[in-house]
Amino acid sequence: MTTVHIMSKDYYKILGVEKNASTDDIKKAFKKAALQYHPDRPTGDEKKFKEINEAYQVLNDAEKRKKYDQFGSDFEQQGGGFGG
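Note that the structure is a prediction, hence the values are computed from the model and not measured. (Residues numbered from 1 in each chain as written. Predicted model: local features only at pLDDT ≥ 70, side-chain atom pairs only at ≥ 80, totals over all residues. Heavy atoms only, no water.)

Draft legend 1. Inspection of the environment of T23 at higher detail. Tracing the backbone shows T23 in helix α2 (residues 23–37). Here T23 falls in the partly exposed class, since its relative accessible area comes to 43%. Along the backbone, T23 and N60 are 37 residues apart, and their C-alpha atoms lie at a distance of 6.1 Å. (Helix = DSSP H or I, 4+ residues; strand = E, 2+ residues; numbered from the N terminus. Buried < 20%, exposed > 50% of the residue type's maximum accessible area, 1.4 Å probe, protein only.)

Draft legend 2. Representation of the pattern of salt bridges in the model. Scanning the model with the defined rule gives two salt bridges in all. For E54, the salt bridge identified is with K9, shortest N-O distance 3.1 Å. Residue E54 is located in helix α3 (residues 46–59), and its partner K9 is located in the segment before α1 (11–15); the two are separated by 45 residues in the primary sequence. For E54, a relative accessible area of 30% corresponds to the partly exposed category. Salt-bridge contacts for K50 lead to E46; the nearest nitrogen and oxygen are separated by 3.4 Å. Here K50 and its partner E46 are both found in helix α3, four residues apart, which amounts to about one turn of the helix. With a relative accessible area of 47%, E46 lands in the partly exposed category. (Salt bridge = Lys/Arg side-chain N within 4 Å of Asp/Glu carboxyl O.)

Spelled out as structure tokens, the structure:
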């Protein structure tokens with residue numbers, strides 16, 4: 001029997017930047033990767049493109065990035081369930 005481990009996504013690795021990267025570095029890395037993997041391009045990969053976009057949405061937002069650094073890519077599930 002094979003056990004599948006679900007790992008947190010490493011948004012820094014996805015964009016190819018260091019953890020201490022500036023927002024400018026993150027933006028440049030995103031633009032480069034987005035161009036390379038855009039689904040309309042010959043080198044396109046829709047899954048990879050969505051992953052790059054997701055990484056950028058988190059790392060480019062100071063508050064989300066702080067939570068991501070603290071909790072990993074599961075940070076959005078931290079601290080709450082559904083209101084009732």
